[in-house]
2 protein chains.
Amino acid sequence: MSETPHLNLDRAPARTLMGPGPSNMHPRVYAALSQPVVGHMDPLYFKVMDEAQARLRTLFGTRNDLTLALPTTGMGAMEASLVNLIEPGDEVLVGKHGVFSGRMTGIAERCGGKVRELDIAWGRAVEPAQVEAELKSHPIKLVCLVHAETSTGVIQNRLPEIAKICHAHGALLLVDTVASLGGVPFHTDEWDLDAVYTGSQKCLSVPPGIAPLTFGKRAEEKLKNRKTPVQSWFFDLTLVRKYWNEERIYHHTGPVNMTYALLEGLRLVDEEGLEARWARHAHAAKALHAGLEAMGLALFVKDPALRCPTVTTVEIPAGADDVKTRKALLEQHGLEIGGGLGALKGKGWRVGLMGEGAVGNHVLLFLGALGGILNAQGVKIKAGAGLEAAGAVLNAPR
Amino acid sequence: MSETPHLNLDRAPARTLMGPGPSNMHPRVYAALSQPVVGHMDPLYFKVMDEAQARLRTLFGTRNDLTLALPTTGMGAMEASLVNLIEPGDEVLVGKHGVFSGRMTGIAERCGGKVRELDIAWGRAVEPAQVEAELKSHPIKLVCLVHAETSTGVIQNRLPEIAKICHAHGALLLVDTVASLGGVPFHTDEWDLDAVYTGSQKCLSVPPGIAPLTFGKRAEEKLKNRKTPVQSWFFDLTLVRKYWNEERIYHHTGPVNMTYALLEGLRLVDEEGLEARWARHAHAAKALHAGLEAMGLALFVKDPALRCPTVTTVEIPAGADDVKTRKALLEQHGLEIGGGLGALKGKGWRVGLMGEGAVGNHVLLFLGALGGILNAQGVKIKAGAGLEAAGAVLNAPR
């Protein structure tokens with residue numbers, strides 16, 4: 001057998017997860033995950049699917065019939081959305097201002113889409129007027145935007161206006177909410193969005209590997225009127241939905257234990273209430289931002305209105321060693337943050353406050369740990385001032 | 001919120017799972033599943049991936065570098081294999097003798113493959129001469145076979161000969177082992193197979209939702225020499241492998257807890273030893289088959305050499321009610337078996353003996369429960385004789 005040294009999973013360290021996902025999980029989610037497995041066609045599992053589906057509708061803010069969770073990750077849900085909504089030759093507009101929006105282009109092209117990119121500066125969001133200009137001059141069928149760009153921490157904050165523009169020009173709007181859903185206000189139906197997908201391991205605090213999505217009426221029309229088959233059988237939502245609805249036609253083996261965990265995560269969301277959960281994320285982020293700025297660090301996203309509470313990108317200060325700092329956080333403090341992706345590699349750190357992890361204690365721990373490490377590296381940092389500023393936010397009346 | 005009644009996961013029934021997967025899981029797999037989540041780029045998670053990869057090589061019987069597990073189900077692994085190995089216009093031969101081999105055709109066509117089907121009677125296997133005849137008369141690039149057809153219980157028992165024929169004609173051989181790997185003898189390298197995939201929830205007794213595969217040298221050549229991009233980004237193995245090898249390039253968020261469970265399942269396989277595990281599956285199946293035949297029931301697969309130990313299809317006897325029987329097994333005994341799929345719907349029951357569930361106690365419980373239910377339906381069945389015959393096998397020296 002393998003010569004890999006034996007790894008004792010029972011001694012896996014309890015990390016403080018402040019990267020851009022996964023986030024720390026509630027004990028009830030762990031308990032649900034390890035409930036006895038049942039068959040994927042068991043009436044009990046169908047009840048689990050039904051309740052998860054109902055709660056997903058609440059989470060997405062939708063009444064969409066086509067609402068379900070796929071046995072894949074957030075990136076798989078991106079691909080599932082695109083393969084269903086794009087036919088070869090369709091013109092597609094992608095608002096590109098980070099790694100994940102960039103990935104949309106790559107996948108849309110593999111679907112045969114003719115992609116136009118709105119190339120926005122990283123750290124900025126797409127403006128409605130920019131979308132409108134493109135739609136006026138090109139017969140675009142699908143517009144793809146990322147609500148919270150995990151690679152920059154920008155929130156796309158004008159979705160309702162953009163949706164109106166899309167529909168006025170006969171285009172559908174697809175939105176990636178992998179890093180935002182459950183952590184910031186979101187209303188699929190009220191904002192009239194056509195298709196939305198997310199992941200499990202960020203603001204829902206469920207293990208990675210199950211990915212919810214919802215398709216509205218216009219998106220369903222697209223599925224019905226396709227002239228070509230969806231190039232993916234596995235992600236063909238017309239087939240997958242028949243397993244989720246009353247037909248119960250076997251498509252794939254449902255990821256039973258992961259669905260238990262998703263359901264428990266959604267119950268926790270509902271017990272807290274979406275409004276309270278959004279407020280909790282906003283409050284923790286406010287403390288983090290105040291603390292970082294008081295320490296003398298710069299946030300990458302300059303416009304406060306574009307800062308997503310769930311992922312914050314901090315510019316790495318002069319003199320600090322990117323890899324050593326993250327290694328010290330992990331090894332000395334068991335605390336994970338994310339490095340920069342793409343254009344921000346070596347230039348930014350990504351700090352997540354998501355789901356169970358969007359709490360003041362995580363903010364204080366991170367600021368305290370980071371301050372000590374940077375000071376030890378000789379970087380001039382006002383560590384104490386940062387903690388005081390964060391504490392002031394956390395202790396002020398909300 | 002939803003009006004779905006609250007489902008108490010803590011009271012989920014402990015089923016005896018004798019359908020065609022998922023199978024019952026070992027307590028250590030449950031424990032691994034709920035170990036603390038860590039980041040998908042955490043050095044600890046990389047160790048878990050490395051050890052799982054090494055153990056997967058043992059399981060597949062291979063030294064293939066490209067050996068990994070995808071965050072998907074067995075059907076996703078089928079799709080991943082086909083999208084990587086097929087380019088538009090490639091001629092593909094599918095040995096079709098059940099639902100899962102039939103699905104290969106559908107997916108291969110969505111990849112742009114020109115599919116020829118070897119349409120074999122359900123209950124029979126593909127003969128080497130049949131493959132040879134096709135390869136002689138057509139420029140076929142890929143041959144697709146299912147090792148254990150979950151819809152019939154047939155084992156494809158002449159893979160080494162077929163592999164030789166494929167390679168003599170310049171074709172690759174892809175093999176589906178979703179229902180067999182870990183339960184019956186299998187040797188990827190010794191048999192010279194080019195690509196093999198499996199699932200987690202059958203003979204490995206790991207929750208559904210993670211799917212291993214391995215690609216050999218010839219399959220790697222195909223990936224390198226492709227003239228067109230793989231139509232799926234999510235399943236593009238050239239990208240995925242960079243997350244699994246020392247490059248550690250982020251592709252998707254690894255399904256952390258599911259990988260813990262996979263690793264623990266693989267450790268259990270290695271602790272038992274593959275030879276012992278195969279023997280255990282064969283022994284349990286022998287008892288099941290003896291018991292069913294002594295009860296007066298007919299096995300669907302007539303040739304004993306083609307009966308896969310892991311899935312047995314029993315013909316539903318005259319006078320028995322398919323749905324009522326399965327419902328009674330589930331409700332009175334907490335025991336799941338599978339109904340017939342496709343052409344066998346309403347005509348056969350599929351009984352799984354897989355992984356942790358390939359044990360004499362499952363055989364006896366099933367025969368006892370089935371005998372009572374059929375007798376109560378007025379079906380003439382020799383229930384006692386069945387139990388005696390199974391018991392004789394179980395108690396004979398192996």
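Residues numbered from 1 in each chain as written. Chains lettered and ligands numbered in written order. Predicted model: local features only at pLDDT ≥ 70, side-chain atom pairs only at ≥ 80, totals over all residues. Heavy atoms only, no water.

Draft legend 1. Summary view of the overall build of chain A. Counting secondary structure elements, chain A contains 13 helices and 13 strands. Relative to the globule expectation of 21 Å for 398 residues, the C-alpha radius of gyration of chain A, 21 Å, shows essentially globular dimensions. Here the C-alpha coordinates of chain A stretch approximately 65 × 55 × 50 Å along the principal axes. Within the span of chain A, comprising 398 residues, buried residues form 67% of the whole. (Helix = DSSP H or I, 4+ residues; strand = E, 2+ residues; numbered from the N terminus. Rg over C-alpha atoms; globule rule 2.2 N^0.38 Å. Buried < 20%, exposed > 50% of the residue type's maximum accessible area, 1.4 Å probe, protein only.)

Draft legend 2. How the structure looks around the relation of the copies chain A and chain B. The operation relating chain A to chain B is a screw motion whose rotation component is 180°, with 0.0 Å of axial translation and a residual RMSD of 0.0 Å. Taken together, the rotation and translation relating the two chain copies correspond to the operation of a two-fold axis. No C-alpha of chain A approaches the rotation axis more nearly than that of A:Thr72, which lies at 2.7 Å. Counting the interface residues of chain A, we find that 100% of their copies in chain B are interface residues as well, pointing to one common contact surface. (Least-squares fit on C-alpha atoms with pLDDT ≥ 70 in both. Contact = heavy atoms within 4.5 Å.)

Draft legend 3. Looking closely at the packing of helix 5 (residues 128–137) of chain B against helix 6 (residues 159–168) of chain B. Residues and elements named next belong to chain B. Where helix 5 meets helix 6, the closest approach of the two axes is 9 Å, and the angle between their N-to-C directions is 10°. In terms of axis orientation, helix 5 runs roughly parallel to helix 6. Every residue of helix 6 that contacts helix 5 at Pro128, Val131, Glu132 and Leu135 is listed here: Glu161, Ile162, Ile165 and Cys166. Looking at the contact of helix 5 with helix 6 residue by residue, the classes come out as 6 nonpolar, no polar and 2 charged. (Axes fitted to C-alpha atoms, helices over the stretch in contact; angles between N-to-C directions. Parallel < 35°, antiparallel > 145°, perpendicular 65-115°, else oblique. Nonpolar A, V, L, I, M, F, W, Y, C, P; charged D, E, K, R; others polar.)

Draft legend 4. Main features of the environment of B:Val126. By the element assignment, B:Val126 lies in the loop between strand 4 (114–119) and helix 5. Apart from residues no more than four positions distant in its own chain, B:Val126 is found in contact with B:Gly95, B:His97, B:Leu118, B:Ile120, B:Val131, B:Leu145, B:Gln156 and B:Ile162.

Draft legend 5. Focus on helix 11 (residues 322–333) of chain B. Here helix 11 of chain B spans 16 Å end to end across 12 residues, near enough to the 16 Å set by a 1.5 Å rise per residue. Taken together, the buried positions of helix 11 of chain B are B:Asp322, B:Thr325, B:Ala328, B:Leu329 and B:Leu330. Buried-residue contacts for helix 11 of chain B involve helix 2 (43–60) of chain A together with strand 12 (335–339), strand 13 (348–352) and helix 12 (360–376) of chain B. Backbone nitrogen of B:Val323 and a side-chain oxygen of the N-cap are separated by 3.1 Å at the start of helix 11 of chain B; the cap is B:Asp321. B:Gly334 sits one or two residues past helix 11 of chain B and shows a positive phi near 60°. (Expected span 1.5 Å × (residues − 1). Polar contact = N/O pair within 3.5 Å; in protein donor to acceptor, adjacent residues only side chain to side chain.)

Draft legend 6. Summary view of unusual backbone geometry. All names here are of chain A. Note the cis peptide between Gly21 and Pro22, where omega equals -5°. Mapped onto the elements of the fold, Pro22 is located in the loop between strand 1 (16–18) and helix 1 (27–33). One non-glycine residue, Asp192, lies in the positive phi region at around 60°. For Asp192, a relative accessible area of 34% translates into the label partly exposed.

Draft legend 7. Quick peek at the domain arrangement of chain A. All names here are of chain A. Taken domain by domain, chain A holds domain 1 (27–270) and domain 2 (273–395). Centre-to-centre separation of domain 1 and domain 2, based on C-alpha positions: 28 Å. With 29 residues of domain 1 in contact, the opposing surface of domain 2 contributes 24 residues. For the domain 1 face of the interface with domain 2, the top three residues by lost area are Trp122, Gly153 and Val269, together amounting to 19%. Counting the contacts that link domain 1 with domain 2 gives 0 salt bridges. Along the contact surface separating domain 1 from domain 2 lie 12 residue pairs in polar contact (both at pLDDT 80 or more). (Domains from an automatic or database assignment. Buried area = accessible area lost by both parts, 1.4 Å probe. Salt bridge = Lys/Arg side-chain N within 4 Å of Asp/Glu carboxyl O.)

Draft legend 8. Broad picture of the nonpolar core. Ranked by size, the top nonpolar core spans 193 residues in total, and within it A:Val131, A:Val143, B:Val131 and B:Val143 carry the most contacts. Once residues within four sequence positions are removed from consideration, A:Val131 is found in contact with A:Leu93, A:Leu118, A:Val126, A:Val143, A:Ile162, A:Ile165 and A:Cys166. (Core = buried A, V, L, I, M, F, W, Y, C linked by side-chain atoms within 4.5 Å.)

Draft legend 9. Spatial organisation of the sheet that holds strand 1 (residues 16–18) of chain B. Residues and elements named next belong to chain B. With respect to topology, 4 strands assemble into an open sheet ordered 1-12-13-11, the strand pairing being mixed. Across the chains shown, the open sheet's two edge strands, defined by having one partner strand only, are strand 1 and strand 11 (311–315). Strand-to-strand twist of the sheet, defined as the mean angle between neighbouring strand axes without regard to direction, takes the value 30°. Pairing of strand 11 with strand 13 involves 5 bridges; the strand directions are antiparallel. Bridge assignment links Thr313 to a residue of strand 13, and that residue is Arg350. The strands touched by helix 11 are strand 12 and strand 13; relative to strand 12, the strand with the most contacts, the crossing angle is about 160°. (Pairing = 2+ DSSP bridges.)

Draft legend 10. Here's a closer look at the pairing of strand 5 (residues 140–146) of chain A. Residue and element names in this part refer to chain A. Among the 7 residues in strand 5, 6 count as buried, and that is most of the element. As judged from the 4 bridges shared by strand 3 (residues 91–96) and strand 5, these two strands associate in the parallel manner. Paired with Leu93 across the two strands is Val143, which belongs to strand 5. Pairing of strand 5 with strand 8 (residues 172–176) involves 5 bridges; the strand directions are parallel. By the bridge assignment, Leu145 is partnered in strand 8 with Val175.

Draft legend 11. Focus on the interface of chain A and chain B. Taken together, the contact pairs 75 residues of chain A with 76 residues of chain B. Taking both partners together, chain A and chain B bury about 6,300 Å²; carbon and sulfur atoms supply 65% of that area. The interface formed by chain A and chain B holds 4 salt bridges in total. Joining chain A to chain B, the criterion identifies 23 residue pairs in polar contact (both at pLDDT 80 or more). Examining the composition of the side of chain A that touches chain B, we find that 9 residues originate from one element, helix 2 of chain A, more than from any other. Here the side of chain A that touches chain B is built from residues that sort into 38 nonpolar, 22 polar and 15 charged.

Draft legend 12. View of the pattern of salt bridges. Residue and element names in this part refer to chain A. What the rule picks out here adds up to 54 salt bridges over all chains. Among the ionic pairs, Asp50 bridges to Arg248, the shortest N-O distance being 2.7 Å. Of the two residues, Asp50 sits in helix 2 while Arg248 sits in the loop between helix 8 (237–244) and helix 9 (256–272), which places them 198 residues apart along the sequence. Residue Asp65 pairs with Arg241 through a salt bridge whose shortest N-O separation is 2.6 Å.

Draft legend 13. Highlighting helix 10 (residues 274–295) of chain A. Under the 1.5 Å per step criterion, the end-to-end length of helix 10 of chain A is 32 Å for 22 residues, consistent within 8% with the ideal 32 Å. Of the residues trailing helix 10 of chain A, A:Gly296 is marked for its positive phi of about 95°.

Draft legend 14. Main features of the pairing of strand 3 (residues 91–96) of chain B. All names here are of chain B. With 5 of 6 residues buried, strand 3 lies mostly within the body of the structure. Pairing of strand 3 with strand 4 involves 6 bridges; the strand directions are parallel. Along strand 4, the bridge assignment pairs Lys96 with Asp119. Handedness of the crossover joining strand 3 and strand 4 through helix 4 (residues 99–110): right-handed. (Right-handed = clockwise from strand over helix to strand, strands pointing away.)

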